[in-house]
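# Fold and contact review
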Amino acid sequence: MKKNFFRAVVFSAFLLAGTVSVSAQNGYEVPPLNPEYAEMANQVIDLQLSDPDAANKAFNKLMRKIRKSEEDLLSVGQYFLEKGVYPCANQCSRQLYELAPTYIPGLMFEGEVCMMRKDYGAAGQKFDEVLALDSTNVAALKRNAFVYKNINPHVAIEMLQKIKRLDPSNYEADKELGDIAYNMNEFADAVNSYKSYFAAVPQDKRDVRAAENYLQSLYATQKFFDLSDLVKEFEVLDPNDMVFKRMKFFAAVENYELEHAKAAMSYIENKEYPDSNYLYLDYTYAGTLMKELNDFPSAIQYYEKAMSVDSTKLGAIKELATLYRQNKELDKGIETYKFYLKQMGDKAELTDYFGLGQQYLAASQQPGLDPAKRAVYVAAGDSVFASIQKERPDSYLAPLMRAVINISDPANPKPEDNVKAYYEEALKLMEGKDDVNSAKLQALRYLAFYAVQKDMTADARNYCDQILAIDANDATGKQIDAYLKSIEQ
């Protein structure tokens, strides 16, 4: 052994000390530590920083005494490992492997030494050597599963499943399987594993992070009623846990329990956590709840916050545009929707552009609107619907909406040729289509009205009969029918 052994490794030893907690609970039996060797090991530990040369001499003396005994190498090495003195633990593990390469406790110990220096590949090799000697060694399976959990989860799953076959009551394996599935976004599998874990683990040993992951997996799989039930059970584990509060709130909104949701969103309203802890979803759910409660100003504020957290979430932009429209902030709605389309870029579909046309339509129908301003909205909206009609000439929706937006005075309609032409075109495109009765009635009502106003009695009767064939109780159809009967007598 080199004289400057401790001088070379003292700094790394200092960094490693205390970073890993290791004990014989890792699943291998460690012989009792000889008191004489314990005293010598403590001398090494006491000297390693203050006098590396003296520590090196003390360690060499200790090694000469134990180098021929696998039990002593293990007990002393384990002692150094638990004290965080990596260089000494590592020397013991090397000597032990040279002396007894098939000694299972020694292989397990060497794997733990590798874990201490975060050499997970070497650690896995040592645990594999144990399994080659004893394929049913649960401790080695557990440590291998831990090693592979983040570097090769599929291997870890195989190990954990083998543990479950050997020991069906091993709930820790269920937890690990749940963690792996959760990290791989395989949430249905995570739910099943966590369900088994929480059914078996003692109440006082329940893991809070596993509970969080379980609830979030239920949310991801849209099991909102299960989520609502379980969050009540888990929140006692940590009443201040933000994930528990978040899941309770989300479940209440999804289950349309509006009063419960209002109470559950207090963690947002009262700003119980630093701003950086809140997610885009916290604010969108708050906005959705306020929308359901018809509090559009508050809904807008929350969606604006959601966009400030993550402006890449296009759904929030689109919903915010809709909320502006519903709150009569129509110019904001139009500009926000334009921004949404810009962010969508080439991914924008015709249905997205249709939404912009609806924004212009809503703006054009404001009561008391200046005629010049209204003309601007109508021209812009009609242009959007015309572009859609050009792309989809077989769809009745674009000409239907062009008819609606071009009605000069929606409150006091009059017969207009261009509106009539759009409704006729839409009606023709509806032929042979199912589930279009609502749109068909809209077109037929205007065409019947137009025909009456223009004294086109035969056309009026034709359209009226079509209306009543769809809905015998339609108010417009019955009114026009009564009028036509009065002049037909």
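Above this note sits the structure.
In short, a report on the structure. (Residues numbered from 1 in each chain as written. Predicted model: local features only at pLDDT ≥ 70, side-chain atom pairs only at ≥ 80, totals over all residues. Heavy atoms only, no water.)

Attention now moves to the packing of aromatic side chains. The geometry of an aromatic ring pair is captured by two quantities: the separation of the ring centres and the angle between the planes. Taken as a whole and judged by the stated rule, the model has 21 aromatic pairs. Ring plane angle 75 degrees and centroid distance 6.1 Å describe the contact between Phe249 and Tyr267, whose orientation is recorded as edge-to-face. Remark: Tyr267 occurs in helix α16 (residues 266-269) and Phe249 occurs in helix α14 (residues 242-254); sequence separation between them is 18 residues. Cluster of aromatic residues (ring-pair linked, three or more members): Tyr219, Phe224, Phe249, Phe250, Tyr267, Tyr273, Tyr278, Tyr283 and Tyr285. It is Lys126 that lies over the ring of Tyr97; its NZ or CZ is 3.6 Å from the centre. Seen from the ring of Tyr280, Lys313 lies directly overhead, with NZ or CZ sitting 5.4 Å from the centre. (Phe/Tyr/Trp six-rings, centres within 6.5 Å; stacked < 30°, edge-to-face > 60°. Helix = DSSP H or I, 4+ residues; strand = E, 2+ residues; numbered from the N terminus. Lys NZ or Arg CZ within 6 Å of the ring centre and 35° of its normal.)

Moving on, we come to the environment of Tyr148. Note that Tyr148 resides in helix α8 (residues 138-148). C-alpha separation for the pair Tyr148 and Ala173, spaced 25 residues apart in sequence, amounts to 14 Å. Leave out the neighbours within four places in its chain, and Tyr148 touches Gly124, Asp128, Pro153, Val155 and Ala156. (Contact = heavy atoms within 4.5 Å.)

Along its 13 residues, helix α12 (residues 208-220) runs 18 Å from first to last C-alpha, staying within 8% of the 18 Å computed at 1.5 Å per residue. Counting buried residues in α12 gives 10 out of 13 residues, a clear majority hidden from the surface. Three or more residues of α12 are buried, namely Ala210, Ala211, Glu212, Asn213, Tyr214, Leu215, Gln216, Ser217, Leu218 and Tyr219. Contacts made by the buried residues of α12 are with α10 (171-183), α11 (187-200), α13 (224-234), α14 and α17 (280-292). A positive backbone phi angle near 60 degrees is found at Gln222, which sits one or two residues after α12. (Expected span 1.5 Å × (residues − 1). Buried < 20%, exposed > 50% of the residue type's maximum accessible area, 1.4 Å probe, protein only.)

Quick look at a nonpolar patch on the surface now. Together, Tyr120, Phe146 and Ile151 give the surface a local cluster of nonpolar side chains, amounting to about 280 Å² of exposed area. Within the secondary structure layout, Phe146 lies in helix α8. (Patch = residues over 30% accessible without salt bridge, like charges linked within 9 Å, V, L, I, M, F, W, Y side chains within 5 Å. Areas by Shrake-Rupley, 256 points an atom, 1.4 Å probe, with all protein chains shown as cover. Salt bridge = Lys/Arg side-chain N within 4 Å of Asp/Glu carboxyl O.)

Within the secondary structure, Glu176 sits in helix α10. The class of Glu176 is buried, set by a relative accessible area of 19%. Considering only alpha carbons, one finds Glu176 and Ala140, 36 residues apart in sequence, at a separation of 15 Å. In this view, Glu176 contacts Lys149 and Leu160; residues no more than four positions away in its chain are not counted.

Moving on: a positive patch on the surface. On the surface, Lys61, Arg64, Arg67 and Lys68 cluster together into a patch of positive charge. Relative to the helices and strands, Lys68 is located in the loop between α3 (52-66) and α4 (70-82). We classify Lys68 as exposed; its relative accessible area is 63%. (Lys, Arg positive; Asp, Glu negative; His and termini not counted. Charge placed at Lys NZ, Arg CZ, Asp CG, Glu CD.)

By secondary structure assignment, the location of Asn137 is in the loop between α7 (120-133) and α8. Reaching out from Asn137, the side chain makes a polar contact with the backbone nitrogen of Ala139 at a distance of 3.2 Å. Within polar-contact distance, the side chain of Asn137 engages the backbone nitrogen of Ala140 at 2.9 Å. Here Asn137 is in contact with Ile104, Val130 and Leu131, once residues within four sequence places are set aside. (Polar contact = N/O pair within 3.5 Å; in protein donor to acceptor, adjacent residues only side chain to side chain.)

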